[in-house]
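# Results of the structural survey
Letter by letter, the chains look like this.
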Amino acid sequence: MKIFSSGSLRQVWLQASVAGSIWASFEIILGSFLHNLKIPLSGAVLAFIGVWIMIAFQHLWKVKGLLWRAGLICALMKSISPSAIILGPMIGIFTEALLMEISVRLLGRNLIAYIIGGGLAVLSTLLQKIISLIILYGLDLVRIIEALYKYAVKQTGLEHISAANLILLITSIYILAGIAGAILGYRTGRRQSGIYQNRTSPDIISLGSNRNLLRNDENEKYSLLFLALNIAIMVAILGLLNFNLLIPGIAAALSFITFCIIRYPGSMKRLKKPGFWITFILITFSAAFLWDWVSQGVFFTAEGLVTGLKMNARAVAMITGFTAVSTELKNPVIKSVLYNQGFSSLYQSLSLSFSALPYLVSALNPRGGNGNAMGRKSLNSAFSHALVLYDTFEKELEKRPSVFIITGEVHQGKTTFAGKVAGLLREKGIKTGGFLATAINENDERTGFNLVNLSNGFTLQICSINPDENAIRHGHYYFNPEAIKKGEEILGTAAEESDVIFIDEIGPLELNGKGWNNALEQLCRKNVSPQVWVVRKSLVRKASRRWHVGEVVIIDIAEDSESEAADLIGSKATGSSETKTPEISQKLPE
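So, here's what we can say about the structure. The structure presented is a predicted model; accordingly, all values stated were derived computationally and were not measured.

Per the counting criterion, the structure on display carries eleven aromatic pairs. Pairing tyrosine 114 with tyrosine 186 gives two aromatic rings, centres 6.1 Å apart and planes at 50°, and the pair type is tilted. A residue pair is termed long-range when its members are at least 10 positions apart, and tyrosine 114 in helix α5 (residues 111–137) and tyrosine 186 in helix α7 (residues 163–197) qualify at 72 residues. With relative accessibility at 0%, the residue tyrosine 114 sits in the buried group. In this structure, lysine 486 packs its charged tip against the face of phenylalanine 458, placed 5.0 Å from the ring centre.

As structure tokens, this is what we get:
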């Protein structure tokens, strides 16, 4: 037997979960408020708040790597945003955190470092906006803005205001906003340090249940092929338009836009807004009237009109394309790959952050009505929630159940092995619950499986190779929805009455968010009894990391005996330490 120990989450990730979730809450609450009121410079305002929050947490928890981790968590939490395009805001948030982290790493945890990092973080929102506009409309936009500026200067008679001075003024406003946020964060962090050190017995809050980051969105169809294809087509369209191949470029753009609208209905959200079409008209006519005004003094040229239309075609293609890419990036396959490549700490932290989001949004929302409204206690109120969250997250990690995975090849006898282990446990006086899936064979052919309740022997056919229009088809089998519902009831009862819970088996159905997935989420969140999972060897790695559990023990039926397995599981169920600890392994079976 081998143990894969997930271990306790490092303190910096736990603290980043708190800071990142609070930052995300303000992004959601204030972002919606500013967006609905169409307030100018809303990105700078959100960045100012982000700097305030992050610097305060950095001064409160003086640990390296807190800022970039919190920024990454906050950015990834934007994936639940109803906005059609999430990629830009996610990059912006992480960039802000990274700039603050670099400043603190180079200059130390002091006010000077915070001021420089804060100023750069807020300034980055302006730079990101400029880069985004250039990506959308191309460098032709720069020529149009230059013409607009010179035209405005001539009409107002303000020739003494140079473009360089105007840029310097705008840049200074952003930097000063970042400096102000850093100073306020530093002062807030100093005030809260004493409260944090002198806190008494911790309060615990109830966390939400929607924190499974690897679950498929049933309303979306994801494809890694389409992700790569979308990116390639966007690059091709930019290339065609940049080389002034207008006819093929615009044809490709229109075809791509049509495809995106059909496959990704969310891409229409931004295109339906009046503001987009106002911008469309302004850019088209600005290009038509001012394209040659600076160089030749000529108003309205056909070349300018064509340039404006080309810029807008490019913008629509990019907007719909980024919506498509943003949608495909939510693909659980991508999340699962990252998880299995060493990002488990990130996903555990994200899980905690997502579970706290409903509480934070309610607590910090001025309309929440719970007495802790953000408008009444300003940002300082967030820290009272932060301290409670940290203690809650610590307690939450302690509740993760131990899992014993009985594994082997297909048809090797995993269920028979599990049944014998359950019998040995009962002989020890240990209550076993859950179910096994026993094979149904007809004429030496496997035709289905029965669900067998371990506590009372109740049997119900769960799947069959015989077609059934009311069943859930997966592979060669048709699964009985009533049997799945019965299995969930059995697991619910076992959670309350059993010392050890058996689940046979966990396979592709569960890994795709179906089958016993919902019941497993409930068990892993609310029950600390040891669980025994039957999993085929090829899926052990995915299953062990699909749900948030504690220590995972791998029991290979080709190498380990039923009695050894029963002794180890029994010792965990009774809290005994007499059984010899099996070999420790840092890797799961490939």
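From this point, the narrative continues.
Scanning all chains against the criterion turns up eight salt bridges. Residue lysine 310 is joined to aspartate 140 by a salt bridge in which the shortest nitrogen-to-oxygen separation is 3.3 Å. With lysine 310 in helix α13 (residues 302–328) and aspartate 140 in helix α6 (residues 140–156), this residue pair connects regions lying 170 residues apart in the sequence. Judged by relative accessible area, lysine 310 falls into the buried class, the value being 11%. With a closest N to O distance of 3.9 Å, lysine 486 and glutamate 489 form a salt bridge. With lysine 486 and glutamate 489 both in helix α19 (residues 481–497) and three residues apart, the pair spans about one turn of that helix.

Below, the discussion takes up a positive patch on the surface. A cluster of basic side chains, namely Lys129, Lys269, Arg270 and Lys273, defines a positive patch on the protein surface. Mapped onto the elements of the fold, arginine 270 is located in helix α10 (residues 268–271). Classification of arginine 270 as partly exposed rests on a relative accessible area of 35%.

Another aspect to go through is the nonpolar core. Among the nonpolar cores identified, the biggest contains 64 residues, and Val18, Ile22, Phe26, Met54, Phe57, Leu389 and Phe393 are the most heavily contacted of them. Examining the composition of this core, we find that 13 residues originate from one element, helix α1 (residues 11–37), more than from any other. The next biggest cluster of nonpolar side chains, apart from the first, holds 34 residues, and it includes Leu451, Leu511, Cys524 and Val535.

This brings us to α19. An ideal rise of 1.5 Å per residue puts 24 Å on 17 residues; α19 measures up with 25 Å between its terminal C-alpha atoms. Those residues of α19 that sit buried are Ala483, Ile484, Gly487, Ile490, Leu491 and Ala494. The arc that holds every buried residue of α19, seen down its axis, measures 115°, which confines them to one face. Opposite its buried face, α19 presents the exposed residues Glu482, Glu496 and Glu497, each directed more than 90 degrees away. The opening residue of α19 is asparagine 480, an N-cap whose side-chain oxygen sits 3.0 Å from the backbone nitrogen of glutamate 482.

Moving on, we get to the environment of leucine 271. Locating leucine 271 in the fold gives a position in helix α10. Residues leucine 271 and isoleucine 319 lie 48 residues apart in sequence; the distance between their C-alpha atoms is 8.5 Å. When neighbours within four sequence positions are excluded, leucine 271 is seen to be in contact with Phe276, Trp277, Val316, Ile319 and Thr320.

Once that is clear, we can look at the packing of α6 against α13. Contact pair α6 / α13: the axes reach a minimum separation of 11 Å and the direction vectors enclose 125°. Compared by their axis directions, α6 and α13 come out oblique. Between α6 and α13 lies a crossing whose hand is left-handed. Contact residues: Asp140, Leu141 and Ile144 in α6; Thr307, Lys310 and Met311 in α13. Tallied by class, residues from the contact of α6 with α13 come to three nonpolar, one polar and two charged.

Looking along the chain, the bond that leaves aspartate 504 and enters glutamate 505 is cis, with omega of -5°. On the secondary structure map, glutamate 505 appears in the loop between β8 (500–504) and α20 (508–511). The phi torsion at asparagine 443 lies on the positive side, around 55°, for a residue other than glycine. Looking at the element boundaries, asparagine 443 is found in the loop between β3 (432–442) and β4 (445–453). By relative accessible area, asparagine 443 is classed as exposed at 80%. The backbone phi angle of aspartate 444 is positive, close to 60°, even though this residue is not glycine. Relative to the helices and strands, aspartate 444 resides in the loop between β3 and β4. The class for aspartate 444 is exposed, based on a relative accessible area of 84%.

This paragraph deals with a nonpolar patch on the surface. Side chains of Leu98, Ile102, Leu106, Leu107, Ile112, Ile116 and Leu120 sit close together on the surface and give an oily, nonpolar patch of about 630 Å² of accessible area. For the nonpolar patch, the secondary structure elements donating two or more residues are α4 (87–107) and α5. In terms of residue count, α4 provides more of the nonpolar patch than any other element does, four residues in total. With respect to the helices, strands and loops of the structure, leucine 106 is situated in helix α4.

On to the side chain of glutamate 510, then. Examined against the element boundaries, glutamate 510 turns out to sit in helix α20. Lacking a salt bridge, the buried glutamate 510 has arginine 536 as its closest oppositely charged neighbour, with an N-O distance of 8.1 Å. Of the polar contacts made by the side chain of glutamate 510, one reaches the backbone nitrogen of glycine 507; its length is 2.8 Å. Each residue touching glutamate 510, except ones within four places of it in the same chain, is listed here: Glu505, Gly515, Trp516, Asn517, Leu520, Arg546 and Trp547.

Next up on the list: the pairing of β4. Taken residue by residue, a regular strand's side chains alternate between the two faces of the sheet. When you tally the buried positions in β4, you get seven out of nine residues, the bulk of the element. Across eight bridges, β3 lies against β4 in antiparallel orientation. In the strand pairing of β4, isoleucine 440 is matched with glycine 448. Hairpin connection of β3 to β4: two residues between the antiparallel strands, including asparagine 443 at a positive phi of 55°. One ladder, built from five bridges, connects β4 with strand β5 (residues 459–464); its direction is antiparallel. When the bridges of β5 are listed, leucine 451 appears paired with leucine 460. Counting the residues that bridge the hairpin from β4 to β5 gives five residues, and of these glycine 457 lies at a positive phi of roughly 80°.

Cut-off values and rules
Residues numbered from 1 in each chain as written. Predicted model: local features only at pLDDT ≥ 70, side-chain atom pairs only at ≥ 80, totals over all residues. Heavy atoms only, no water. Phe/Tyr/Trp six-rings, centres within 6.5 Å; stacked < 30°, edge-to-face > 60°. Helix = DSSP H or I, 4+ residues; strand = E, 2+ residues; numbered from the N terminus. Buried < 20%, exposed > 50% of the residue type's maximum accessible area, 1.4 Å probe, protein only. Lys NZ or Arg CZ within 6 Å of the ring centre and 35° of its normal. Salt bridge = Lys/Arg side-chain N within 4 Å of Asp/Glu carboxyl O. Patch = residues over 30% accessible without salt bridge, like charges linked within 9 Å, V, L, I, M, F, W, Y side chains within 5 Å. Areas by Shrake-Rupley, 256 points an atom, 1.4 Å probe, with all protein chains shown as cover. Lys, Arg positive; Asp, Glu negative; His and termini not counted. Charge placed at Lys NZ, Arg CZ, Asp CG, Glu CD. Core = buried A, V, L, I, M, F, W, Y, C linked by side-chain atoms within 4.5 Å. Expected span 1.5 Å × (residues − 1). Arc of directions from axis to C-beta. Polar contact = N/O pair within 3.5 Å; in protein donor to acceptor, adjacent residues only side chain to side chain. Contact = heavy atoms within 4.5 Å. Axes fitted to C-alpha atoms, helices over the stretch in contact; angles between N-to-C directions. Parallel < 35°, antiparallel > 145°, perpendicular 65-115°, else oblique. Left-handed = near helix turned anticlockwise from the far one by under 90°. Nonpolar A, V, L, I, M, F, W, Y, C, P; charged D, E, K, R; others polar. Pairing = 2+ DSSP bridges.

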